[in-house]
Amino acid sequence: KSGSGVGDLLSMSPTLTAQMTQAGVILGTASYMAPEQARGAEVDRRADIWAFGVLLFEMLTSAPPFLSEDRKALMKMHRNEPPPTLRERIPDENFSDELEAMVRKGLAKDPDERFANARDYLQALNALGGLGLVAPPPHAATLAPAGVIV
């Protein structure tokens with residue numbers, strides 16, 4: 001017989017969670033988890049670049065690059081399978097080669113092959129006529145009086 005609640009709901013969650021102090025614990029939402037994170041390796045800001053790449057892919061195609069109801073299978077895909085191209089996902093859409101290359105770079109399995117930081121990703125988007133956003137100058141974050149980073 002199934003339990004009565006919270007544990008059952010958590011086991012169905014797409015987000016893998018545990019005590020933050022445990023070494024080697026994998027945390028995150030499986031659909032957005034970088035390959036190195038899915039391996040349980042050390043991560044840095046380039047894992048966020050991967051997650052943004054997944055989000056961008058999803059925004060452009062209405063689905064993340066890897067699909068599975070099984071978290072372990074999904075994490076294995078992130079580690080081992082090349083992401084589909086935008087055109088593979090939506091063949092009738094006229095995605096530019098430059099957009100394909102930018103999305104592919106954001107979803108590179110090797111963190112060293114991804115954009116180095118969000119500023120570089122934003123510049124690549126804007127070079128495509130993308131979002132019209134301006135990157136803040138480096139280290140522009142300041143603390144507001146309430147302690148909120150602005």
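Basis of the calculations
- Residues numbered from 1 in each chain as written.
- Predicted model: local features only at pLDDT ≥ 70, side-chain atom pairs only at ≥ 80, totals over all residues.
- Heavy atoms only, no water.
- Helix = DSSP H or I, 4+ residues; strand = E, 2+ residues; numbered from the N terminus.
- Buried < 20%, exposed > 50% of the residue type's maximum accessible area, 1.4 Å probe, protein only.
- Contact = heavy atoms within 4.5 Å.
- Areas by Shrake-Rupley, 256 points an atom, 1.4 Å probe, with all protein chains shown as cover.
- Axes fitted to C-alpha atoms, helices over the stretch in contact; angles between N-to-C directions.
- Parallel < 35°, antiparallel > 145°, perpendicular 65-115°, else oblique.
- Left-handed = near helix turned anticlockwise from the far one by under 90°.
- Nonpolar A, V, L, I, M, F, W, Y, C, P; charged D, E, K, R; others polar.
- Expected span 1.5 Å × (residues − 1).
- pLDDT = per-residue confidence, 0-100.
- Arc of directions from axis to C-beta.
- Polar contact = N/O pair within 3.5 Å; in protein donor to acceptor, adjacent residues only side chain to side chain.

Some points on the overall build of the chain
- Looking only at helices and strands, the chain has seven helices and two strands in total.
- Across the chain, helices and strands are ordered from the amino to the carboxyl terminus as α-β-β-α-α-α-α-α-α.
- When burial is assessed residue by residue, the chain has 28% of its 150 residues classed as buried.
- For the chain, restricting intrachain contacts to residue pairs at least 6 apart in sequence, the fraction spanning at least 24 positions comes to 47%.
- Here the chain displays about 9,800 Å² of accessible surface, and carbon together with sulfur accounts for 56% of that area.

A word on the packing of helix H6 (residues 97-106) against helix H7 (residues 118-127)
- It is the contact of H6 with H7, at a shortest axis distance of 10 Å, that shows an interaxial angle of 165°. If you check the angle between H6 and H7, you find them roughly antiparallel. Here H6 runs over H7; the crossing is left-handed. Contacts between H6 and H7 involve Met102, Val103 and Gly106 from the former and Tyr121, Ala124 and Leu125 from the latter.
- Residue classes in the contact of H6 with H7 are distributed as five nonpolar, one polar and no charged.

Digging into helix H3 (residues 45-61)
- Spanning 17 residues, H3 covers 25 Å between terminal C-alpha atoms, matching the ideal 24 Å at 1.5 Å per step.
- Among all positions in H3, only Ala47, Ile49, Trp50, Gly53, Val54, Leu56, Phe57 and Thr61 are buried.
- Taken together, the buried residues of H3 touch helix H2 (35-38), helix H4 (71-80), helix H5 (86-89), H6 and H7.
- Directly beyond the C-terminal end of H3, a positive phi value near 75° is found at serine 62.

Observations regarding the confidence of the model for the chain
- Per-residue confidence for the chain gives a mean pLDDT of 78, with 67% of residues at or over 70.
- Every residue in residues 4-23 is under pLDDT 50, and counting partners more than four places away or in other chains gives 22 contacts.

As for H4
- When H4 is considered as a whole, its buried residues turn out to be Leu74, Met75, Met77 and His78. Angular distribution of buried residues about the axis of H4 spans 155°; they occupy a single face of the element. Projecting away from the buried face of H4 at angles above 90 degrees are the exposed residues Lys72, Lys76 and Asn80.
- Its side-chain oxygen at 2.8 Å from the backbone nitrogen of lysine 72, aspartate 70 defines the N-terminal cap of H4.

Some thoughts on unusual backbone geometry
- Of note in the backbone geometry, serine 62 takes a positive phi value of approximately 75° without being a glycine.
- Assignment of secondary structure puts serine 62 in the loop between H3 and H4.
- By relative accessible area, serine 62 is classed as exposed at 69%.

Some points on the environment of aspartate 48
- Examined against the element boundaries, aspartate 48 turns out to sit in helix H3.
- Since its relative accessible area comes to 55%, aspartate 48 is described here as exposed.
- In this structure, the C-alpha to C-alpha distance between aspartate 48 and asparagine 117, residues 69 residues apart in sequence, is 8.7 Å.

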